[in-house]
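# Residue-level structure breakdown
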Amino acid sequence: MRNSLKIEGQVKTYLKEDELPKAWYNVRADMKKKPAPLLNPGTGKPVTFEDLQPVFCDELIKQELDNDTAYIEIPEDIRTFYKMYRPSPLVRAYFLEQALGTPAHIYYKFEGNNTSGSHKLNSAIAQAYYAKKQGLKGVTTETGAGQWGTALSMSSAFFGLDCQVYMVKVSYEQKPFRREVMRTYGASVTPSPSMNTEIGKKINAEFPGTTGSLGCAISEAVEAAVKQPGYRYVLGSVLNQVLLHQSVIGLETKAALDKLGVKADLIIGCAGGGSNLGGLVSPFIGEKLRGEADYDILAVEPASCPSFTRGKYAYDFCDTGKVCPLAKMYTLGSSFIPSANHAGGLRYHGMSSILSELYDQGLMRATSVEQTKVFEAAKLFAQTEGILPAPESSHAIRATIDEALKCKESGQAKNIVFGLTGTGYFDMVAYQKFNDGEMSDYIPTDEDIAKSLAQLPQVNG
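Residues numbered from 1 in each chain as written. Predicted model: local features only at pLDDT ≥ 70, side-chain atom pairs only at ≥ 80, totals over all residues. Heavy atoms only, no water.

## Quick notes on the overall build of the protein
Per the secondary structure count, the protein includes 18 helices and 15 strands. In terms of C-alpha radius of gyration, the protein reaches 21 Å, essentially the compact-globule figure of 23 Å for 461 residues. Each of the 461 residues in the protein was classed as buried or not, and the buried ones make up 62%. For the protein, the share of sequence-separated contacts (at least 6 apart) that also reach a separation of at least 24 residues comes to 77%. (Helix = DSSP H or I, 4+ residues; strand = E, 2+ residues; numbered from the N terminus. Rg over C-alpha atoms; globule rule 2.2 N^0.38 Å. Buried < 20%, exposed > 50% of the residue type's maximum accessible area, 1.4 Å probe, protein only. Contact = heavy atoms within 4.5 Å.)

In structure tokens:
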């Protein structure tokens with residue numbers, strides 16, 4: 001039996017509904033060196049509004065290209081929808097602290113208190129809103145673990161839009177119940193790569209039996225959008241507009257910490273394409289950029305898909321089919337197909353251009369962790385804090401535990417804040433494999449990565 005726990009402060013900190021952010025924060029406005037622009041793959045020149053118009057909603061293109069407006073107003077309809085599940089709690093992990101015997105103070109921002117089960121709803125509802133406002137019939141998208149597809153399905157149903165989801169094949173097979181939630185909301189769900197698109201057929205021919213990747217699914221969803229009148233493509237991570245919408249996470253986190261009179265020393269987020277990490281850290285990075293405060297910011301990625309820690313900072317295609325614009329980012333190469341790793345939402349070959357530039361400037365650091373160690377951390381967190389975490393979130397939990405144990409050795413009482421992006425109740429196949437001792441770690445070889453990086457497009461910049 002654990003020793004009795006003395007809780008000296010409040011466990012959960014909630015903002016009031018009228019304290020919800022009224023504007024998203026655009027960290028690019030405070031960056032002296034801006035992220036490199038997206039390039040048109042045909043001309044090699046920075047993309048224009050007109051270049052993106054066949055693919056994205058008009059208002060979202062404006063947000064994507066806006067490097068200068070620090071705060072962009074959140075429309076009232078979106079703020080009203082946010083009240084279904086926001087503000088989300090900032091939780092002091094007293095029970096985890098006790099189990100670790102650490103002097104560190106651990107806080108987590110919990111984004112799983114909604115039907116979609118994750119932070120993805122913050123951007124999904126915004127993108128669906130702008131699609132409806134433009135008078136579109138429907139949207140297409142990709143999804144890895146299924147959180148983004150679920151969030152977009154829910155948002156599309158709310159606004160009466162058709163929703164077509166291309167789900168990474170390995171996740172489609174491992175997570176049938178998340179697939180059924182999407183279908184319940186009215187979305188069509190197709191395993192990717194499929195035989196429904198020309199790009200899907202090409203990828204299947206080139207990589208027979210492939211389990212897919214987010215890069216593959218993106219290519220298919222873009223093709224589907226372009227070929228159907230009245231449809232546009234929406235993306236759940238990576239893009240500037242997505243990190244903008246997700247800044248509500250960091251804005252709420254900062255406001256809650258201020259209420260507690262706590263300054264974060266270390267902020268940790270899992271990193272796949274960058275939506276959660278960018279949303280969580282943007283307001284804190286803004287303070288660093290303006291010289292108002294300093295923070296240690298840590299990105300945590302899977303060892304099976306280590307774009308920050310083993311990738312190259314270069315222009316690359318955002319998708320495997322090479323139909324999307326080129327982005328300068330830390331990348332493993334658009335042809336890199338990750339192993340069938342259970343953290344489906346982190347199986348992307350590249351990283352947000354914003355985060356890539358911040359990382360390149362030394363404003364944040366990164367680490368990679370093996371899957372079995374991630375699930376060890378997830379199990380301890382579930383046993384102590386009472387929430388079954390998503391595999392993606394558990395990468396941040398792993399790093400948090402490691403950092404808290406360092407504090408135990410040093411005696412430092414650091415304030416550690418991490419993003420708990422969502423719940424893992426649809427990830428039971430992964431938990432079963434871990435509990436049965438059938439989970440293994442696959443780490444790509446230098447040769448694997450070099451082979452993919454050798455196919456990077458030749459771009460000056």
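## Quick notes on helix α18 (residues 446-453)
Every α-helix winds through 3.6 residues per turn, so residues three or four apart in the chain are directed the same way. Looking only at α18, the buried set comprises I449, S452 and L453. Seen end-on, α18 carries its buried residues on one side only, within an arc spanning 95 degrees. Turned more than 90 degrees away from the buried face of α18, the exposed residues are E447 and K451. Buried-residue contacts for α18 involve α13 (307-310), β12 (312-317) and β13 (326-331). (Arc of directions from axis to C-beta.)

## Brief notes about the sheet that holds strand β9 (residues 231-233)
As summarised here, the arrangement of the four strands in space is β8-β7-β6-β9, forming an open sheet in which the pairing is parallel. Across the chains shown, the open sheet's two edge strands, defined by having one partner strand only, are β8 (188-192) and β9. Strand after strand, the sheet turns through a mean of 20 degrees between neighbouring axes, direction not considered. Inspection of the sheet shows strand β6 (residues 138-143) paired to β9 by three bridges, in the parallel sense. If you follow T140 over to β9, its bridge partner there is Y233. Against the sheet, helix α6 (residues 147-159) makes contact with β6 and β7 (162-168), and its axis sits at roughly 165 degrees relative to β6, the strand it touches most. (Pairing = 2+ DSSP bridges. Axes fitted to C-alpha atoms, helices over the stretch in contact; angles between N-to-C directions.)

## Looking at the environment of D66
Residue position: D66 is located in the loop between α2 (58-65) and β3 (71-73). Owing to a relative accessible area of 18%, D66 belongs among the buried residues under this scheme. Remark: the alpha-carbon pair of D66 and L136, spanning 70 residues in sequence, is separated by 23 Å. Excluding residues within four positions of it along the chain, D66 makes contact with N26, R28 and I72. In this structure the side chain of D66 is engaged in a polar contact, spanning 2.9 Å, whose partner is the backbone nitrogen of D68. (Polar contact = N/O pair within 3.5 Å; in protein donor to acceptor, adjacent residues only side chain to side chain.)

## Some details on empty space enclosed by the protein
Enumeration over the complete set of coordinates arrives at two cavities of 30 Å³ or more. Approximately 50 Å³ is the volume found for the second largest cavity. Along its surface, the second largest cavity is lined by Y25, N26, V27, R28, N240, L243, L244, S282 and I354. A total of three residues in the lining of the second largest cavity trace back to one element, the largest contributor, which is helix α11 (residues 240-260). Class assignment for the residues of the lining of the second largest cavity results in five nonpolar, three polar and one charged. (1 Å grid on protein atoms, 1.4 Å probe; cavity = no way out; pocket = protein on both sides within 12 Å on 5 of 7 lines; lining within 4 Å. Points joined across faces, edges and corners; volume = space filled by probe spheres on them. Nonpolar A, V, L, I, M, F, W, Y, C, P; charged D, E, K, R; others polar.)

## Observations concerning α6
Here α6 is 13 residues long and its end C-alpha atoms lie 19 Å apart, about the 18 Å a rise of 1.5 Å per residue gives. Taken across its 13 residues, α6 has 11 buried, putting it largely inside the fold. Those residues of α6 hidden inside the fold are in contact with α3 (76-82), α5 (121-133), β6, β7, α8 (176-184) and α16 (391-410). G160 occupies a position one or two residues after α6 and carries a positive phi of about 70 degrees. (Expected span 1.5 Å × (residues − 1).)

## Points about the pattern of salt bridges
Tallied over the entire structure, the rule returns 25 salt bridges. With its nearest N and O atoms 2.8 Å apart, the salt bridge here joins R290 to D30. A residue pair is termed long-range when its members are at least 10 positions apart, and R290 in the loop between α12 (275-289) and β11 (296-302) and D30 in the loop between β2 (23-25) and α1 (49-52) qualify at 260 residues. On the basis of relative accessible area, R290 is assigned to the partly exposed category, the value being 36%. In this structure, R365 engages D296 in a salt bridge whose closest nitrogen and oxygen atoms are separated by 2.8 Å. In this pair, R365 is assigned in strand β14 (residues 365-369) and D296 in strand β11, connecting sequence segments 69 residues apart. On the basis of relative accessibility, which here comes to 25%, the residue D296 falls in the partly exposed class. Look at the salt bridges and you will find they share partners, linking R86, K109, E111 and E252 into a network. (Salt bridge = Lys/Arg side-chain N within 4 Å of Asp/Glu carboxyl O.)

## A word on the nonpolar core
Counting 68 residues, the largest nonpolar core has W24, F308 and M364 as the members making the most contacts within it. With 33 residues, the next largest nonpolar core counts I106, A404, I416 and M439 among its residues. (Core = buried A, V, L, I, M, F, W, Y, C linked by side-chain atoms within 4.5 Å.)

## Things to note about unusual backbone geometry
Note: most peptide bonds trans; most residues except glycine with negative phi. Cis rather than trans, the peptide bond between R86 and P87 has omega equal to 0 degrees. Among the structural elements, P87 can be located in the loop between α3 and β4 (90-92). In the segment running from S192 into P193, the intervening peptide bond is cis, with an omega of 5 degrees. Considering the arrangement of structural elements, one finds P193 in the loop between β8 and α9 (198-206). A positive phi is found at V238, a non-glycine position, where the angle reads about 70 degrees.

## Points about the packing of α9 against helix α10 (residues 214-227)
Between α9 and α10, whose axes approach to 8 Å, the crossing angle comes to 155 degrees. Judged on the interaxial angle alone, α10 and α9 are roughly antiparallel. Residues E198, I199, G200 and I203 of α9 form the contact with α10, whose participating residues are C216, S219, E220, E223 and K227. When its residues are assigned to classes, the contact of α9 with α10 shows three nonpolar, two polar and four charged. (Parallel < 35°, antiparallel > 145°, perpendicular 65-115°, else oblique.)

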